[in-house]
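Fold and contact review
Here is what each chain is made of, one letter per residue.
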Amino acid sequence: MKFSEDHYYSTVKDFSVSGESFSLLINEEYQLLKTHPQPTLDRLGVYYEFEDYISHTDGKRTLFEKTYHFIKRSAIKNKVRLIGSYQPLKGKLLDIGAGTGDFLMEAKKQNWEIVGIEPNEKAKAIAVGKGVEFADAIEKLESNSFDVITLWHVLEHVPDVAHQAAELKRLLKPSGTLIIAVPNFKSFDANYYKTFWAAYDVPRHLWHFSKTAIEKLFDHQNMNLLEVKPMWFDSFYVSLLSEKYKTGKMNFIRGCSIGCISNLVGLFKKEFSSHIYILKNK
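So, a few notes on the structure that sits alongside this text. Quick caveat: nothing in here was measured; it's all calculated off a predicted structure.

Looking now at the packing of helix 8 (residues 234-247) against helix 9 (residues 252-269). For the pair helix 8 and helix 9, interaxial distance at closest approach is 8 Å and the crossing angle is 135°. For the element pair helix 8 / helix 9, the angle class is oblique. When the axes of helix 8 and helix 9 are compared, the crossing they make is right-handed. When helix 8 is examined against helix 9, the residues Ser235, Phe236, Ser239, Leu240 and Glu243 are found in contact with a partner set consisting of Phe252, Arg254, Gly255, Cys256, Ile258, Gly259, Cys260, Ser262 and Asn263.

Burial analysis of strand 2 (residues 21-27) places 5 of its 7 residues in the buried class, the great majority of the element. Bridge count between strand 2 and strand 3 (residues 32-36): 5 bridges; the pairing is antiparallel. Looking across to strand 3, one finds that Leu25 is bridged to Lys34. Linking strand 2 back to strand 3 in an antiparallel pair, the connection comprises 4 residues, with Gln31 at a positive phi of about 55°.

Bringing the sheet that holds strand 9 (residues 223-230) into the picture now. Taking strand neighbours across the sheet as the criterion, the 6 strands line up as 5-4-6-7-10-9 in an open arrangement whose pairing is mixed. Each having just a single partner strand, strand 5 (113-117) and strand 9 make up the two edges of the open sheet. With direction set aside, neighbouring strand axes in the sheet form an average angle of 20°. The pairing of strand 9 with strand 10 (residues 274-281) spans 7 bridges and is antiparallel. If you follow Val228 over to strand 10, its bridge partner there is Tyr277.

Applying the stated criterion across every chain yields a total of 9 aromatic pairs. Ring plane angle 85° and centroid distance 4.8 Å describe the contact between Trp197 and Tyr200, whose orientation is recorded as edge-to-face. The pair formed by Trp197 and Tyr200 is uniform in burial state, with each residue classed as buried. Joined through ring pairs, the aromatic side chains of Phe15, Phe196 and Tyr245 make up one cluster.

Along the polypeptide, Cys260 turns up in helix 9. Separated by 223 residues in sequence, Cys260 and Pro37 have C-alpha atoms that sit 33 Å apart.

Attention now moves to the nonpolar core. Core analysis: the biggest nonpolar cluster contains 36 residues, and Ile149, Leu155, Leu178, Phe209 and Phe218 have the highest contact counts within it. Counting only elements with at least two residues in this core, the list comes to strand 4 (92-96), strand 5, strand 6 (146-152), helix 5 (161-171), strand 7 (172-183), helix 7 (211-219) and strand 10. Residues in contact with Phe209, not counting those within four places in the same chain, are Gln31, Leu32, Leu155, Glu156, Val161, Val182, Pro183, Asn184, Phe185, Ile214 and Leu217.

With that settled, consider unusual backbone geometry. Most peptide bonds adopt trans geometry, and most residues besides glycine take a negative phi value. With an omega of -5°, the peptide bond between His36 and Pro37 qualifies as cis. Following the sequence through the fold, Pro37 ends up in the loop between strand 3 and helix 1 (41-44). For the peptide bond that leads from Val202 to Pro203, omega is -5°, which places it in the cis range. Summarising the element assignment, Pro203 is placed in the loop between helix 6 (188-193) and strand 8 (207-208). The residue Asn111 is not glycine, and still its phi comes out positive at about 75°. With respect to the element layout, Asn111 can be found in the loop between helix 3 (102-109) and strand 5.

Okay, the pattern of salt bridges next. By the definition in use, this model includes 10 salt bridges. One salt bridge connects Lys282 with Asp219, and the closest N-O pair in it is separated by 2.5 Å. Linking Lys282 in the segment after strand 10 with Asp219 in helix 7, this pair joins segments that are 63 residues apart in sequence. Salt bridges sharing partners connect three or more residues here, namely Asp14, Asp201 and Arg204.

Right, let's talk about the sheet that holds strand 2 for a bit. One open sheet holds the 4 strands; their spatial order is 1-2-3-8, and the pairing between them is antiparallel. Two strands lie at the open edges of the sheet, namely strand 1 (8-13) and strand 8, each paired on one side alone. Sheet analysis places strand 1 next to strand 2, joined by 5 bridges and oriented antiparallel. Each bridged residue has a counterpart across the sheet, and for Ser10 the counterpart in strand 2 is Leu24.

Criteria and thresholds
Residues numbered from 1 in each chain as written. Predicted model: local features only at pLDDT ≥ 70, side-chain atom pairs only at ≥ 80, totals over all residues. Heavy atoms only, no water. Axes fitted to C-alpha atoms, helices over the stretch in contact; angles between N-to-C directions. Helix = DSSP H or I, 4+ residues; strand = E, 2+ residues; numbered from the N terminus. Parallel < 35°, antiparallel > 145°, perpendicular 65-115°, else oblique. Left-handed = near helix turned anticlockwise from the far one by under 90°. Contact = heavy atoms within 4.5 Å. Buried < 20%, exposed > 50% of the residue type's maximum accessible area, 1.4 Å probe, protein only. Pairing = 2+ DSSP bridges. Phe/Tyr/Trp six-rings, centres within 6.5 Å; stacked < 30°, edge-to-face > 60°. Core = buried A, V, L, I, M, F, W, Y, C linked by side-chain atoms within 4.5 Å. Salt bridge = Lys/Arg side-chain N within 4 Å of Asp/Glu carboxyl O.

Structure below.
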């Protein structure tokens, strides 16, 4: 996948940590955006060092955090049901970017054999305390060893996305299922908030996907995109944060209204704030 500074798409600010601005470059063939410049690996961790990075904490300090975790509990049960509908015989499940481990613990309760990958030590320690088992690195895992691999809002954080796709193919059993959730920069809320759209989340999000990007990326790994599903609650979460970035305050009424409109538009255009992609080997 080739990108050049001539293929400029937009400029977006890091509202969470640094206040720095980054360019988004577009690969027209893949309909994939790339954050430019991407931080070096030794610098990337600095951009995750803020207390409000909600996936790395179980904090319930504010109404926003309490609402997030309330919705998260319901969403986790739906995720486990989803993997069961595509892989009814329970086996070995790998969750990459496992965060504080709640998804894996729910899967374990439903008799999945679980393994996690999580680079953030704080989040990992919380998950270990709940009983989650972790592998040290993806590269050390055995080929063709997982019935299901999940990445819930993780692929956008990976420095080498093509290499990651190849590793996912290697780890998955021939009959296994790969499930990926990522934001969609072609959604209504993305177009409405433009440079204030919270799901750009530069430079933590190194890549910004469309349906075309996922399909083409994994077609190179000889995998079929079976289905694309919406993540209904993401439009509300993202719109609320986008309101904060745009106006300086969390406007619940306006944010929830835009989230609702985004879902309604998505029903017609099939472009939601975030998508879940279900893939299998060809």
